[in-house]
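# Structural overview
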Amino acid sequence: MQAQNTLLNTEYSTDAQTEPIEHRFNPYQDNGGTILGIAGEDFAVLAGDTRQTVGYSIDSRYEPKVHDVGDNLLLSANGFSADGVQLVKVFQNQLKWYHFDNNKEMAVSSAARLIQHMLYRKRMFPYYVATILAGLDEEGKGAIYSFDPVGSYEREQCRAGGAAASLIMPFLDNQVNFKNQMDPESNGTKRRPLKYLSLEEVIQLVRDAFTSATERHIEVGDGLQILIVTKDGVRSEYFPLKKD
Amino acid sequence: MSQQDPSTINGGSAVAMVGKDCVAIASDLRLGQQSMGVSNDFEKIFHYGHVFLGLTGLGTDVLTVSENFRMKTNLYKMAEQREIEPESFANLVSTSLYEKRFGPWFVGPIVAGLNSISSKPFVCGFDYIGCIDYAKDFIVAGTASEQLFGMCESLYEPNLEPDDLFETISQALLNAVDRDALSGWGAVVYVITKDKVVKRYLKTRQD
Amino acid sequence: MNHNPVNWGRPSDDQYGPYNYQIANASNVASQATKNSQNEFPTMHTQQPMITGASVVAVKFNDGVVMATDKLGSYGSLLRLDDLERMIQVGDSTVVGVSGDISDFQYLQRLLDELLIEDNYDMEQSNLKASHVHEYLRGVFYNRRSKMNPLWNACVVAGFDADGEVFLKYVNLLGVSYSSPAIATGFGAYMGVPLLRQKVENEEDVKKLEKEDAIKLVRDCMKVLFYRDARSWDKYDLCVITKSTKKIEFQKGLECEGQSWKFARDISGYGLPQQ
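Analysis parameters
- Residues numbered from 1 in each chain as written.
- Chains lettered and ligands numbered in written order.
- Predicted model: local features only at pLDDT ≥ 70, side-chain atom pairs only at ≥ 80, totals over all residues.
- Heavy atoms only, no water.
- UniProt positions renumbered as here; feature names shortened; annotations may be inferred.
- Helix = DSSP H or I, 4+ residues; strand = E, 2+ residues; numbered from the N terminus.
- Buried < 20%, exposed > 50% of the residue type's maximum accessible area, 1.4 Å probe, protein only.
- Areas by Shrake-Rupley, 256 points an atom, 1.4 Å probe, with all protein chains shown as cover.
- Core = buried A, V, L, I, M, F, W, Y, C linked by side-chain atoms within 4.5 Å.
- Contact = heavy atoms within 4.5 Å.
- Patch = residues over 30% accessible without salt bridge, like charges linked within 9 Å, V, L, I, M, F, W, Y side chains within 5 Å.
- Salt bridge = Lys/Arg side-chain N within 4 Å of Asp/Glu carboxyl O.
- Lys, Arg positive; Asp, Glu negative; His and termini not counted.
- Charge placed at Lys NZ, Arg CZ, Asp CG, Glu CD.
- Axes fitted to C-alpha atoms, helices over the stretch in contact; angles between N-to-C directions.
- Parallel < 35°, antiparallel > 145°, perpendicular 65-115°, else oblique.
- Left-handed = near helix turned anticlockwise from the far one by under 90°.
- Nonpolar A, V, L, I, M, F, W, Y, C, P; charged D, E, K, R; others polar.
- Pairing = 2+ DSSP bridges.
- Buried area = accessible area lost by both parts, 1.4 Å probe.
- Polar contact = N/O pair within 3.5 Å; in protein donor to acceptor, adjacent residues only side chain to side chain.
- Phe/Tyr/Trp six-rings, centres within 6.5 Å; stacked < 30°, edge-to-face > 60°.

Per an unreviewed UniProt entry, chain C goes by Proteasome subunit beta and derives from Brettanomyces naardenensis. According to the UniProt record, the Function (unreviewed entry) comment for chain C reads "Non-catalytic component of the proteasome."

By the naming in an unreviewed UniProt entry, chain B goes by Proteasome subunit beta and is assigned to Brettanomyces naardenensis. Taken from UniProt, the Function (unreviewed entry) comment for chain B reads in full: "Component of the proteasome, a multicatalytic proteinase complex which is characterized by its ability to cleave peptides with Arg, Phe, Tyr, Leu, and Glu adjacent to the leaving group at neutral or slightly basic pH. The proteasome has an ATP-dependent proteolytic activity."

Next comes the structure, spelled out in structure tokens:
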């Protein structure tokens, strides 16, 4: 191999590197995709598109990333897909041991705390994922927990994660939490009162959010997988999205 | 979005929409220095006759470029003995930006207006070196552009009456800037119809 | 800004400070003499692939999977090996097609051999299915990438799962995996997959694709890859996995047939006709 400065004979070659160029292995990759969770009064939904990408290539048009992990819990980790798959696998394994040790179902709040610890123990080499957990709380109300890659988490009414999160999140603020909406009678003095949305309304919102995101984000599309959790268990729905 | 990216130092966003025989254009009012808010009356919408221009990006360039266009449209008016039309103005913006191809103005312009002869609504946007993006529906620009894309793509419908168009563009802008740390601090909306222009200021979250 | 082209796209020293070579307790530096000098590097397992194999191409059809790999092993631009077999059968229901580094491939071959032997010890008869092999490989790849010491390969695992259904799934050096009716690694992802997807866009289309058409499709892909991928070859192995007969059959040493290089006359630059 020739020395660096003879390869690049530029006007800068005198101050070119004397040390070799380091070609470092990159352990991460962006696999695109977007996920979205909304909590209702007695249900919660967790939805994700089924496209998996790397760069401009579509690896798969149907690789589901929202998982029914048991105990009426839905889990999805979006971002670097290998980390996402691993996180869900480790969680399911931990859940199995929880059953052996405690002989009871895991509450959604406990699952959330467990996921925080799973993410934080890799603080220095993180799982590169946006994580959303959905389930029903102790009162039977819908619960959505969202996590950053290193485990900081929060319970919310709704949350979008992944490639098109920034496109979907303001829409959710507006249509789920009625942000910036006023009572028309009040001449801008009273906010529109909050109310729980029905399952039909929620599914329509999710579908609108994903068709919009598909239109404007190249890493989103192909198919929409919606998992719905109620006291009767988990149900799944699929809707096609644009493939371009 | 590095610390020294000129297009995200001051922050700010703008959006334009087409309705039935009308157009609307709106922007936020914030001017910042990185995360610090500096001004809450920095309007980013300018007009030259009946043509409206939204300018997002580096604050100093917004002011300079808007003044440049004031000069150019005044010269145009003297030469042509009429006001410039939106379509022509779009080409003026494009060529003016491309003139500075290798030392650009760091702005994200959008144009909106009604053609004074045909009354046809017109909106378009540009990248900072003048590539025109003609749109039939809406155009977004600024640091909240992703959020605006998400809002507009889901709220917009064609052939809205002026009042409904006002509601739509306002909700799109308000909810978008609330999810962007660099935009907000008030908003201004223009609804342009054939015989009048209505300008309204909107209250927003002040964080 | 540093205008030296050598530094383009690198983290600037102004912004991040000079690189700290003490990071990760650099231990593999050659001699004591160079200790604490600027030439100290952190532990680098990281390699680059040496002898490499090109694309793996695979597609599902109504009664199984067809997969192909060419017989070339490249050392950079040198034709180093000319009789490589890059598909390995694991037990009676799995075939793994491997591209990328050949020495890592041979290591995988040994791991899979051991896996099969262990499986045979435990069970009366072989119980190792394609889905298990895929999960095992994903684990191996993911653990190695997490140690920053990857096995530099991309694999396609084909065969039957525990229910006897047709199985086809990809996994690579990062532990990234996915399934699809049409899968190809390397250049095949750009030039093979579009051809395959013309016939099988989804699982419904799979039901309509006959075995003979699938074989022809894969053979056409190998031909197109030979036309355009400089690191590929026109001699290849092909494997047909059939569900109804539960058979895995290899056709070794096939050649690209019906080649026509007429198209090459008109190509210059990036392929658009020039005036």
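Here the narrative resumes, following the displayed structure.
## Here we look at the overall build of chain C
In terms of helices and strands, chain C carries 8 helices and 13 strands. A burial count over chain C gives 48% of its 275 residues as buried. Carbon together with sulfur atoms contributes 49% to the accessible area of chain C, which is approximately 14500 Å² in total.

## Comments concerning the nonpolar core
Ranked by size, the top nonpolar core spans 74 residues in total, and within it V45(A), L172(A), V206(A), I226(A) and I25(B) carry the most contacts. In contact with V206(A), not counting residues within four places along its chain, are L36(A), I38(A), V45(A), A47(A), L224(A) and I226(A). Among the nonpolar cores identified, the runner-up in size contains 32 residues, and A82(A), V108(A), A112(A) and L114(A) belong to it.

## Examining a negative patch on the surface
Taken together, the side chains of E157(B), E161(B), D163(B), D164(B) and E167(B) make up a negatively charged region of the molecular surface. Turning to its location among the elements, D163(B) is positioned in helix α4 (residues 162–178).

## Re the packing of helix α2 (residues 81–102) of chain A against helix α3 (residues 130–146) of chain C
The N-to-C vectors of α2(A) and α3(C) enclose an angle of 110 degrees; their axes lie 12 Å apart at closest approach. By the criterion of interaxial angle, the relationship of α2(A) to α3(C) is roughly perpendicular. You can see that α2(A) and α3(C) cross each other, and the crossing is left-handed. Packed against α2(A), whose contacting residues are A82(A), D83(A), V85(A), Q86(A) and K89(A), the element α3(C) presents E135(C), R138(C), Y142(C) and R145(C) at the interface. The class makeup of the residues in the contact of α2(A) with α3(C) is 3 nonpolar, 1 polar and 5 charged.

## Details of the packing of helix α4 (residues 165–175) of chain A against α4(B)
The interhelical angle for the contact between α4(A) and α4(B), taken along N-to-C directions, is 115 degrees, at an axis separation of 9 Å. Considering the angle they form, α4(A) stands roughly perpendicular to α4(B). As for how α4(A) packs across α4(B), the hand of that crossing is right-handed. Note on element contacts: α4(B) touches α4(A) through Q171(B), N175(B) and A176(B), opposite P170(A), D173(A) and N174(A). Along the lines of polarity and charge, the residues of the contact of α4(A) with α4(B) split into 2 nonpolar, 3 polar and 1 charged.

## Side note on the pairing of strand β13 (residues 247–255) of chain C
Residue and element names in this part refer to chain C. Looking at chain direction, strand β12 (residues 235–242) and β13 are connected through 7 bridges and run antiparallel. Following the sheet pairing, I241 is matched in β13 by I248. Turn length for the β12-β13 hairpin, with the two strands adjacent in sequence and antiparallel, is 4 residues, and the turn residue K246 shows positive phi of about 55 degrees.

## Let's talk about the sheet that holds strand β1 (residues 34–39) of chain A
Residue and element names in this part refer to chain A. The strand order across the open sheet formed by 5 strands is β10-β1-β2-β11-β12, and the pairing between neighbours is antiparallel. Every interior strand has two partners, whereas the edge strands, β10 (158–162) and β12 (233–240), have only one. For this sheet, the mean angle separating the axes of adjacent strands, direction not counted, is 15 degrees. Taken strand by strand, α4 contacts β1 and β10, and its axis lies near 170 degrees from that of β10. Sitting on the sheet, helix α5 (residues 199–216) touches β1, β2 (44–49), β11 (223–230) and β12, and the angle it makes with β11 is about 155 degrees.

## Side note on the pairing of strand β9 (residues 153–156) of chain A
Residue and element names in this part refer to chain A. Relative to β9, strand β8 (residues 142–147) runs antiparallel, the two sharing 4 bridges. Within β9, the position partnered with Y145 by the bridge is R155. Joining the antiparallel neighbours β8 and β9 is a turn of 5 residues, in which G151 adopts a positive phi near 105 degrees.

## Some points on the sheet that holds strand β11 (residues 187–192) of chain B
Residue and element names in this part refer to chain B. Taken in spatial order, the 5 strands make up an open sheet running β10-β1-β2-β11-β12, and their pairing is antiparallel. Whereas interior strands pair on both sides, the edge strands pair on one side only; in this sheet they are β10 (138–142) and β12 (197–202). Neighbour to neighbour, the strand axes of the sheet diverge by 10 degrees on average, direction disregarded. Alignment of strand β1 (residues 13–19) against strand β2 (residues 22–28), held across 6 bridges, turns out to be antiparallel. Bridge assignment links A14 to a residue of β2, and that residue is S27.

## As for the interface of chain B and chain A
Contacts between the two partners involve 15 residues from chain B, matched on the other side by 15 residues from chain A. Buried surface at the junction of chain B and chain A, summed over both partners, amounts to about 1400 Å²; 50% is from carbon and sulfur atoms. Contact with chain A buries area across many residues of chain B, yet E153(B), N175(B) and R179(B) alone supply 35% of it, more than any other trio. If you look at where chain B meets chain A, you find 2 salt bridges. Put simply, D173(A) and R179(B) hold a salt bridge, and the shortest N to O gap is 2.7 Å. Our count for the contact surface shared by chain B and chain A stands at 5 residue pairs in polar contact (both at pLDDT 80 or more). Elements with a contribution of two residues or more to the side of chain B that touches chain A: α3 (145–155) and α4 of chain B.

## Digging into the side chain of Q171(B)
As for its placement among the helices and strands, Q171(B) is situated in helix α4. On the basis of relative accessibility, which here comes to 11%, the residue Q171(B) falls in the buried class. Within the structure, Q171(B) has its side chain in polar contact with the backbone oxygen of N180(A) (distance 2.9 Å). Once residues lying within four places of it in the same chain are set aside, the contact partners of Q171(B) are N174(A), K179(A), N180(A), Q181(A), M151(B) and L155(B).

## As for the packing of aromatic side chains
The full count for this structure, using the stated rule, is 20 aromatic pairs over all chains. Measuring from ring centre to ring centre gives 5.6 Å for W97(A) and F100(A), while their planes differ by 85 degrees; the resulting arrangement is edge-to-face. Here the residue W97(A) and the residue F100(A) both occupy positions in helix α2, the gap between them amounting to 3 residues, near one helical turn. According to the relative accessible area criterion, F100(A) is exposed, its value standing at 58%. Taking 6.2 Å as the distance between ring centres and 80 degrees as the angle between the ring planes, the aromatic pair formed by F187(C) and Y190(C) counts as edge-to-face.

## Topic: unusual backbone geometry
A positive phi is found at N72(A), a non-glycine position, where the angle reads about 60 degrees. Residue placement: N72(A) occurs in the loop between β5 (67–70) and β6 (73–79). Overall, N72(A) belongs to the partly exposed group, its relative accessible area being 23%. Phi is positive for W185(B), close to 55 degrees, though the residue is something other than glycine. Mapping W185(B) onto the fold places it in the loop between α4 and β11. Assessed through its relative accessible area of 24%, W185(B) is described here as partly exposed.

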